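If you want the building blocks of each chain, they are given just below.
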Amino acid sequence: MISPNEIQIDRDKGNFHYQTDYEFDAGVGLSEDVVRYISNIKEEDKWLLDFRLRALSIFERKPLPTHWSSRDLENIDFDVIRYYLSKGQKPSRTWDEVPDDVKETFERLGIPEQERKFLAGVEAQFDSEAAYSRMKGDLEEKGVIFVGSTEGLKDHPEIFKKWFGKVIPSSDNKFSALNSAVFSGGSFIYVPPGVKLEQPLQAYFRINAENFGQFERTLIIADEGAEITYMEGCTAPKFETSTLHSAVVELVALKGAKIQYITVQNWSNNVFNLVTKRALAQEEAEVRWIDCNIGSRLTMKYPGVILQGRKARGEVLSIALANEGQHQDTGAKMVHAADETSSNVISKSISIGSGRTTYRGLVKIPGHLKKCKNNTECDGLLINSDSETDTYPAITVQGDDNSVQHEASVSKVSAEQIFYMQQRGLSESDAMSMCVNGFVNDLIREFPMEYSVELKRLIDLEMEGSVG
Amino acid sequence: MSSLKIENLSASIDEKPILNQLDLELPKGEVHAIMGPNGSGKSTLSKVLAGHPEYQPSEGSALLDGEEILGLEPDQISRLGLFLAFQYPVEVPGVSIANFIRAALNSRMPDDEDFKAVDYYKRLYQKMDDLGMSRKFTSRSLNDGFSGGEKKRCEVLQMMMLEPKYCILDETDSGLDIDALRVVAAGVNKMRSKERGILVITHYQRLLEYIVPDKVHVLWDGKIVRSGTKELAVELENRGYDWIKEEVAA
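A few points about the pairing of strand S3 (residues 31-35) of chain B
Residues and elements named next belong to chain B.
Next up, step 1: For S3, a buried count of 5 out of 5 residues is recorded, marking the element as mostly surrounded by other parts of the structure.
Next up, step 2: Residue alternation in S3 divides its side chains into two sets, Val31, Ala33 and Met35 and His32 and Ile34, and both sets are buried.
Next up, step 3: Relative to strand S10 (residues 197-201), S3 is paired through 4 bridges, and the arrangement is parallel. Bridge pairing in S10 links Ile34 to Ile201.
Next up, step 4: Bridge analysis of S3 against strand S11 (residues 215-220) gives 4 bridges, and the strand direction is parallel. Residue pairing for S11: His32 is matched across the bridge by Lys215.

In structure tokens:
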């Protein structure tokens with residue numbers, strides 16, 4: 001049964017913005033002063049300010065990783081970006097309290113409606129801060145925490161400080177360092193032992209200002225036996241100038257816990273989307289990343305799982321669609337660090353027009369481990385004659401009791417398939433859409449129903465105009 | 001105006017001429033058969049009529065109920081009422097039969113109309129039962145991993161669901177055993193009507209015992225060289241094609 005479209009992730013729907021007054025503005029460019037400004041208005045403790053400053057110097061020292069990644073990174077002008085803009089510090093708990101102009105943005109995107117209908121909680125971030133954040137009452141009683149990064153570290157340090165920056169250290173890469181210096185917003189979530197959330201928690205990220213960098217920081221801790229599904233969506237208006245989104249997401253799944261993290265990324269084509277996402281999975285825990293990348297100018301994202309405990313399981317399901325002028329550079333990292341762990345990576349990419357998709361997959365299983373398994377499948381579909389796709393698997397497996405399976409394919413929609421479908425009455429572009437949807441079908445089925453309907457629609461939209 | 005009328009049709013593929021001023025008329029309400037040796041252009045004829053982009057007609061016309069179909073997009077021709085049951089149906093992974101047929105039906109309906117899922121499935125299952133197809137096939141990917149017989153049945157299923165005005169069956173009997181042949185033929189026979197013209201392209205006379213034609217044509221050297229009754233098919237079966245080739249050459 002298909003429910004009506006609740007989630008609007010049509011890129012043009014998000015193509016609007018308006019002049020608004022920002023109470024807090026760190027100015028243009030990055031410096032120690034900017035970092036201090038941010039830490040100051042958030043009234044952070046000294047340890048956190050020091051953390052930020054150390055990260056800043058790491059960022060300044062590290063070169064761009066262009067020796068292996070896209071040279072387009074060189075087009076990011078760090079000096080013209082605004083690193084912090086917000087209208088206020090505290091998110092409202094009811095939509096009525098949210099300032100009208102911000103509220104209107106989210107209503108146009110359909111957020112309050114979804115929340116009413118099927119979410120356990122929502123956080124809506126507008127530029128640097130959350131405008132709205134609320135969670136269903138009974139979850140609070142159970143001890144679930146769902147707050148922003150600032151609140152999380154300030155009000156619940158005993159829970160979050162322990163893991164903050166441990167899954168992804170500032171020095172991991174240039175962009176995790178940048179995020180660690182100027183992060184703001186994002187979700188800090190804690191689920192107590194045995195608590196299984198039946199409905200998902202959702203976050204929505206919205207860029208409104210021009211030349212703006214968004215740096216949200218998320219940390220989710222699922223205690224022993226806990227279960228949580230978290231979804232995030234994002235949009236930005238189309239600006240002439242580029243914008244930067246550099247997020248860090250850390251997940252910790254303690255013994256027997258399950259975390260499912262779903263992202264539908266639909267930034268406009270001027271956004272550099274550089275994200276570091278990693279999970280720690282302890283004994284018998286399961287982490288599943290479901291990642292869909294449709295927008296942005298350049299996305300670099302390799303969700304990873306470190307399988308720390310026996311029988312832990314990690315999974316990455318990824319759909320990437322690169323249209324004219326886009327580059328989706330995505331993949332996965334599976335690091336096995338305990339016996340009987342298993343990992344599964346399924347990546348499906350579609351390149352339209354001059355779009356380019358890249359798959360980078362890291363799989364590491366050291367020799368002293370036993371009974372570990374990895375399965376990787378990466379499939380690329382090329383629509384036009386100038387479309388591109390490339391694959392860089394980096395698999396290191398040792399020992400005599402582990403197994404790895406890797407399958408890759410590249411295909412195109414054949415003229416015979418299109419003719420066959422047209423002979424039944426489908427127009428050329430409908431036939432194309434159907435083939436593409438067929439290609440990603442078994443992955444789309446893994447998304448929650450509301451997203452899968454909308455994703456299909458979004459793919460159809462991208463296909464229009466790719467034909468002929 | 002109630003026929004598929006082909007006049008003076010010439011067509012080539014990769015600049016190699018295959019059809020040479022071919023004339024043929026298929027009136028509504030009749031079943032015609034086209035037979036001919038390999039390479040005579042039988043499949044080319046069906047592809048040209050269906051609007052395949054690689055088969056360029058260089059002259060002539062094909063009128064479907066008075067409307068010219070040469071030069072139209074394949075989907076336009078389909079919506080005007082032409083159905084082609086392919087000799088080698090292509091595989092479309094990830095697209096289920098149920099969804100595909102539904103999309104095909106939808107493409108013929110005006111934008112604001114829709115049909116009820118319940119009615120659709122009722123009809124679909126009925127036709128599948130008639131064809132001896134397991135209902136599980138509805139969720140299988142179109143032609144993906146199907147045997148030859150299963151593919152042909154799927155073609156006839158689509159034809160029964162779309163209810164076209166003119167059907168071209170391109171060597172529908174190839175790859176079928178006797179039982180499958182009987183079932184498929186029964187399906188096609190069910191589609192006979194005063195409002196429908198059926199063109200059966202076949203190599204072997206055997207199919208024509210089950211789908212009895214009103215007229216039989218022989219295609220050779222790019223055109224129809226001989227037409228007759230169903231007895232002509234029997235004669236070809238017994239004597240082969242050489243005698244016709246000789247007659248034409250003389």
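Some points on the interface of chain A and chain B
Many analyses report the size of an interface as the accessible area lost when the parts associate.
Next up, step 1: Facing the 16 residues of chain A at the interface are 20 residues of chain B.
Next up, step 2: Broken down by secondary-structure element, the contributors of at least two residues to the side of chain A that touches chain B are helix H9 (415-423) and helix H10 (428-444) of chain A.

Focus: the confidence of the model for chain B
Next up, step 1: Residue-level pLDDT values for chain B average 91, and 100% of them are 70 or greater.
Next up, step 2: Complex prediction metrics read pTM 0.83 and ipTM 0.95.

Concerning the domain arrangement of chain A
Residues and elements named next belong to chain A.
Next up, step 1: One can read the domain layout of chain A as domain 1 (11-301) and domain 2 (415-468).
Next up, step 2: Counting residues at the interface gives 6 residues for domain 1, matched by 6 residues for domain 2.
Next up, step 3: Elements represented by at least two residues in the side of domain 1 that touches domain 2 include exactly strand S13 (258-265) and strand S15 (286-293).

Overview of the sheet that holds strand S5 (residues 67-68) of chain B
All names here are of chain B.
Next up, step 1: Here we have 4 strands laid out as an open sheet, ordered S2-S1-S4-S5, and antiparallel in their pairing. Each of the sheet's edge strands pairs with one partner strand only, and the pair in question is strand S2 (16-27) and S5.
Next up, step 2: Pairing of strand S4 (residues 55-64) with S5 involves 2 bridges; the strand directions are antiparallel. Counterpart to Leu63 in the pairing with S5 is Glu68.

Considerations on helix H5 (residues 148-162) of chain B
All names here are of chain B.
Next up, step 1: With 15 residues, H5 ought to run about 21 Å at 1.5 Å a step, and its terminal C-alpha atoms sit 21 Å apart, in line with that.
Next up, step 2: Listed in full, the buried residues belonging to H5 are Lys151, Lys152, Arg153, Cys154, Glu155, Val156, Leu157, Gln158, Met159 and Met160.
Next up, step 3: Contacts made by the buried residues of H5 are with strand S6 (82-85), helix H3 (97-106), helix H4 (117-130), strand S9 (166-170) and helix H6 (178-190).
Next up, step 4: With its phi angle positive at about 50 degrees, Glu163 sits one or two positions after the end of H5.

What to know about unusual backbone geometry
Next up, step 1: Of note, the phi angle at Lys311 of chain A is positive, near 65 degrees, even though the residue is not glycine.
Next up, step 2: As for its position among the elements, Lys311 of chain A is in the loop between strand S17 (304-307) and strand S18 (313-322).
Next up, step 3: With 18 C-beta atoms packed within 10 Å, Lys311 of chain A lands in the partly exposed category.
Next up, step 4: Phi is positive for Asp14 of chain B, close to 50 degrees, though the residue is something other than glycine.
Next up, step 5: Mapped onto the fold, Asp14 of chain B is located in the loop between strand S1 (3-13) and S2.
Next up, step 6: Given 8 C-beta atoms within a 10 Å radius, Asp14 of chain B is considered exposed.

Reading guide: rules and limits
- Throughout, residues of each chain are indexed from 1 in the direction in which the sequence is written.
- Lettering for chains starts from A, numbering for ligands starts from 1, and both go in the order in which the items are written.
- For a predicted model such as this one, the threshold for reporting local features is a pLDDT of at least 70, and the threshold for listing and counting side-chain atom pairs is 80 or more; totals across whole chains, interfaces and linings nevertheless cover every residue.
- Burial in this document is a count-based property: other C-beta atoms within 10 Å of a residue's C-beta are tallied, and the residue is buried at 20 or more, exposed at 12 or fewer, or partly exposed in between, with C-beta positions derived from the backbone.
- Numbered from the N terminus, helices here are DSSP runs of H or I no shorter than four residues, and strands are runs of E no shorter than two.
- If DSSP finds at least two bridges between two strands, the strands pair.
- Contacts are defined on C-beta atoms placed from the backbone: any two residues whose C-beta positions lie within 7 Å are in contact.
- Here pLDDT means the predictor's own confidence in every residue, given as a number from 0 to 100.
- Residue ranges for the domains originate in an automatic or database domain assignment.
- For a helix, the expected span equals 1.5 Å multiplied by the residue count minus one.

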